[in-house]
Amino acid sequence: MNGFSVNTSFLSKNNKQNIKRMKKYIVPATAVLGILAVVLCFLAIVPLKTVKELEICTATDTDSNKVVTYYNKDGKVNTEENYYMGEKNSTNKYYYDNDGNIEKVENYFFDQLSSVTNYIYSDGLLIEKNITGTDNIVHSKTLYTYTDGLLKLSVDHDSDGNPINEVKYDYDKKLLVTKTSVAIDNGYSVVTNYTYDNGRIE
């Protein structure tokens with residue numbers, strides 16, 4: 001009787017048939033409720049994973065040195081691990097602001113914080129990048145200048161704030177970089193010209 005017993009001696013023929021139909025559906029329904037109860041208990045114990053698994057990209061050279069890059073759920077770099085001769089020697093950890101811009105990058109050398117690269121923005125444009133040590137002193141910085149939203153000049157400075165080299169950018173009517181001019185404080189300079197084919201550098 002599937003564990004279900006009802007005294008039907010006092011019932012009419014139609015009522016007895018109704019009881020039989022009830023017995024047919026009550027047992028399966030009870031089993032379904034039992035399964036649902038088990039599932040709910042499982043969900044209460046084991047938290048659902050709501051964060052997408054990190055994507056991993058590995059680049060290895062011929063000497064077995066490699067860089068392993070982990071990406072977050074937004075497709076941005078989360079962590080970079082650098083290996084030398086099979087041993088991890090440094091790690092870069094990336095942090096972002098609410099607009100998705102890189103806010104800072106922490107560099108760890110053998111799991112010890114070595115330096116922090118900070119990024120400063122104005123109206124969505126990067127205007128300064130500086131590197132501080134564990135002493136929180138700025139050891140170097142780069143300042144960026146824009147014209148109509150286009151990067152025109154970047155200047156690197158040493159720990160004393162002195163400019164040590166600069167890069168100037170020229171653009172064509174399609175806003176593609178046509179030339180970069182690099183000047184270093186020792187008088188050395190390099191000019192690089194760019195030509196394009198259907199928007200791609202030749």
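Keep in mind that what you see is a predicted model, and the values were worked out from it rather than measured.

Criteria and cut-off values
- Residues numbered from 1 in each chain as written.
- Predicted model: local features only at pLDDT ≥ 70, side-chain atom pairs only at ≥ 80, totals over all residues.
- Heavy atoms only, no water.
- Helix = DSSP H or I, 4+ residues; strand = E, 2+ residues; numbered from the N terminus.
- Buried < 20%, exposed > 50% of the residue type's maximum accessible area, 1.4 Å probe, protein only.
- Contact = heavy atoms within 4.5 Å.
- Core = buried A, V, L, I, M, F, W, Y, C linked by side-chain atoms within 4.5 Å.
- Salt bridge = Lys/Arg side-chain N within 4 Å of Asp/Glu carboxyl O.
- Phe/Tyr/Trp six-rings, centres within 6.5 Å; stacked < 30°, edge-to-face > 60°.
- Lys NZ or Arg CZ within 6 Å of the ring centre and 35° of its normal.

## Details of the overall build of the protein chain
Okay, so step 1: Summing up its helical and strand segments, the protein chain has one helix and 14 strands in all.
Okay, so step 2: Burial analysis of the protein chain (202 residues in total) assigns 19% to the buried set.
Okay, so step 3: Residue pairs in contact within the protein chain that sit at least 24 positions apart in sequence constitute 2% of those at least 6 positions apart.

## Considering the nonpolar core
Okay, so step 1: Judged by nonpolar contacts, Leu126, Tyr144, Leu151, Val167 and Tyr169 together constitute the single largest core of five residues.
Okay, so step 2: Discounting chain neighbours no more than four positions away, the residues touching Tyr169 are Leu151, Lys152, Leu153, Ser154, Lys179 and Thr180.

## Here we look at unusual backbone geometry
Okay, so step 1: The phi angle at Met85 is positive, at roughly 55°, despite the residue not being glycine.
Okay, so step 2: Looking at where Met85 falls in the secondary structure, it is placed in the loop between strand 3 (77-84) and strand 4 (87-96).
Okay, so step 3: We classify Met85 as exposed; its relative accessible area is 56%.

## Overview of the pattern of salt bridges
Note on pairing: side chains with opposite charge can pair once their charged atoms come close.
Okay, so step 1: With the rule as written, the count across this model stands at five salt bridges.
Okay, so step 2: Lys88 serves as the salt-bridge partner of Glu81, at 4.0 Å between the closest nitrogen and oxygen.
Okay, so step 3: The class of Lys88 is partly exposed, set by a relative accessible area of 30%.
Okay, so step 4: Among the salt bridges present, the one from Lys104 reaches Glu106, with a minimum N-O distance of 3.4 Å.

## Describing the packing of aromatic side chains
Geometry of an aromatic ring pair is reported as the spacing of the ring centres plus the angle between the planes.
Okay, so step 1: Enumeration according to the criterion identifies one aromatic pair in this entry.
Okay, so step 2: Where Phe109 meets Phe110, the ring centres are 4.7 Å apart and the plane angle is 80°; that geometry is what we call edge-to-face.
Okay, so step 3: We classify Phe109 as partly exposed; its relative accessible area is 47%.
Okay, so step 4: Looking at Phe110, the relative accessible area reads 41%, which means it is partly exposed.
Okay, so step 5: The ring of Tyr83 has Lys66 sitting right over it, with the charged end atom 4.9 Å from the ring centre.
Okay, so step 6: Geometry around Tyr108 places Lys93 over its ring, the cationic atom sitting 4.8 Å from the centre.

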